[in-house]
Amino acid sequence: MILSRIYNNLMLKRKRVTYGSNLSITGLIAIHGSGKITLGDDVSIHSSPNVNPVAGCNRTHLRAERGGGYRNWQSCRNQPQCNYCI
């Protein structure tokens, strides 16, 4: 758990991802591309087979290419079955 937290923090800093308060990441994430990624407040990313058995051994990949537009991921507080809104 501590190693995954260190790894995810390094990935977020290396790829210059900005994020709001209460970011929660379970498991390891992968970040690709050179575009800008912004995660909003109260975002939860489940990227571990222990918490997301449907995904199997796949982990969460975030990709933003330069010139590909602006993505702002935020939690869907008013929709209980939705994890993220763009």
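Residues numbered from 1 in each chain as written. Predicted model: local features only at pLDDT ≥ 70, side-chain atom pairs only at ≥ 80, totals over all residues. Heavy atoms only, no water.

Visitor: Would you mind showing me how to read the overall build of the chain here?
Guide: Secondary structure assignment for the chain yields one helix and seven strands. Counted from the first residue to the last, the chain has its helices and strands arranged as α-β-β-β-β-β-β-β. Looking at the chain residue by residue over its 86 residues, the buried ones come to 26%. Of the contacts formed within the chain by residues at least 6 apart in sequence, a portion of 41% connects residues at least 24 apart. (Helix = DSSP H or I, 4+ residues; strand = E, 2+ residues; numbered from the N terminus. Buried < 20%, exposed > 50% of the residue type's maximum accessible area, 1.4 Å probe, protein only. Contact = heavy atoms within 4.5 Å.)

Visitor: How should I be thinking about the pairing of strand β5 (residues 44–47) in this particular structure?
Guide: The alternating pattern of β5 places Ile45 and Ser47 on a buried face and Ser44 and His46 on a face that is not buried. For strand β2 (residues 24–27) and β5, the ladder comprises four bridges, and the chain directions are parallel. Paired with Gly27 across the bridge in β5 is Ser47. (Pairing = 2+ DSSP bridges.)

Visitor: Is there a simple way to explain the side chain of Ser4 in this structure?
Guide: Structurally, the position occupied by Ser4 is in helix α1 (residues 2–14). The class of Ser4 is buried, set by a relative accessible area of 18%. Excluding its chain neighbours within four sequence positions, the residues that come into contact with Ser4 are Gly27 and Leu28.

Visitor: Is there a simple way to think about the nonpolar core in this case?
Guide: Where a protein is soluble and globular, its nonpolar side chains tend to be buried together. Grouped together as the largest cluster of nonpolar side chains are eleven residues: Met11, Leu12, Val17, Ile29, Ile31, Ile37, Leu39, Val43, Ile45, Leu62 and Ala64. Elements supplying a minimum of two residues to this core: α1 and β4 (37–39). Contact partners of Ala64, with chain neighbours within four places excluded, come to His32, Gly33, Ser34, Gly35, Lys36 and Ile37. (Core = buried A, V, L, I, M, F, W, Y, C linked by side-chain atoms within 4.5 Å.)

Visitor: Would you explain the confidence of the model for the chain in this entry?
Guide: Detailed reading of the predicted coordinates is not advisable wherever pLDDT is low. Per-residue confidence for the chain gives a mean pLDDT of 76, with 70% of residues at or over 70. α1 holds the highest mean pLDDT among the elements of the chain, 93, whereas strand β7 (residues 71–73) holds the lowest, 54. Here residues 78–86 is a poorly scored stretch, pLDDT under 50, and it has 18 contacts once near neighbours within four places are set aside; other chains count. (pLDDT = per-residue confidence, 0-100.)

Visitor: Would you explain the environment of His61 in this entry?
Guide: With respect to the element layout, His61 can be found in strand β6 (residues 61–63). Residues His61 and Leu28, 33 residues apart in the sequence, show an inter-C-alpha distance of 9.4 Å. The residues contacting His61, other than those within four sequence positions of it, are Ala30 and His32.

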